[in-house]
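# Observations on the three-dimensional arrangement
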Amino acid sequence: MSYTYPIDEIHWSKEEIIDVVNFYSLVEQAYEQGVKRDDLLLAYTRFKQIVPSKSEEKTLCGQFEKESGYSCYRTVKQARSLGEGEQLKM
């Protein structure tokens, strides 16, 4: 991994930064080896508590996709199409 996660160190607490990084990490894992659908959606729910603004979410996830090549949007969309307990592999 030779890129950085887009985070807001000024406005987010340490716990919020950890939770956002966890979400990005699960998106990565979905592409690289697969993750549990429920884990990803739980992390996304927490991400949305920290980043409630749709425009800020698009900005952050756009930066993440530009850096990593992994799409938060497509990953969450795919996860939502799966059943509870299923494995997600992008």
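Just above, that's the structure.
This structure is a prediction, so every number in the text was calculated from the model and none was measured.

### What to know about the packing of helix α2 (residues 37–50) against helix α4 (residues 72–81)
Put simply, α2 and α4 touch, their axes get as near as 10 Å, and they point 125° apart. The orientation of α2 with respect to α4, classified from their angle, is oblique. Considering how the two elements wind past one another, α2 and α4 form a crossing that is left-handed. For the pair formed by α2 and α4, the contact residues are R37, L40, L41 and Y44 on the first element and T75, V76, A79 and R80 on the second. Among the residues forming the contact of α2 with α4, the class breakdown is 5 nonpolar, 1 polar and 2 charged.

### Some details on the pattern of salt bridges
Counted by the stated rule, this structure contains 6 salt bridges. As a salt-bridge pair, D38 and R37 come within 2.8 Å of each other at their nearest N and O atoms. Among the ionic pairs, E57 bridges to K48, the shortest N-O distance being 2.8 Å. Considered together, E57 and K48 belong to a single accessibility category, that of buried residues. Here the residues in one salt-bridge network are E15, D19 and R46, joined through shared partners.

### Examining helix α1 (residues 14–32)
Taking 1.5 Å of rise per residue, the 19 residues of α1 would be expected to cover 27 Å, and the 27 Å separating its terminal C-alpha atoms lies within 8% of that figure. Those residues of α1 not exposed but buried are I17, V20, F23, Y24, L26, V27, E28 and A30. Remark: G34 follows α1 within two positions and exhibits a positive phi of approximately 105°.

### Notes on the nonpolar core
If you look at the biggest cluster of nonpolar residues, it comprises 27 residues, and the most contacted ones within it are F23, Y24, L40, F47 and F64. Those elements that provide at least two residues to this core are α1, α2, α3 (54–68) and α4. The leading source of residues in this core is α1, at 7 residues. Setting aside its immediate chain neighbours within four residues, Y24 contacts Y5, P6, I7, F47, L60, F64 and C72.

Thresholds, definitions, all that
Residues numbered from 1 in each chain as written. Predicted model: local features only at pLDDT ≥ 70, side-chain atom pairs only at ≥ 80, totals over all residues. Heavy atoms only, no water. Axes fitted to C-alpha atoms, helices over the stretch in contact; angles between N-to-C directions. Helix = DSSP H or I, 4+ residues; strand = E, 2+ residues; numbered from the N terminus. Parallel < 35°, antiparallel > 145°, perpendicular 65-115°, else oblique. Left-handed = near helix turned anticlockwise from the far one by under 90°. Contact = heavy atoms within 4.5 Å. Nonpolar A, V, L, I, M, F, W, Y, C, P; charged D, E, K, R; others polar. Salt bridge = Lys/Arg side-chain N within 4 Å of Asp/Glu carboxyl O. Buried < 20%, exposed > 50% of the residue type's maximum accessible area, 1.4 Å probe, protein only. Expected span 1.5 Å × (residues − 1). Core = buried A, V, L, I, M, F, W, Y, C linked by side-chain atoms within 4.5 Å.

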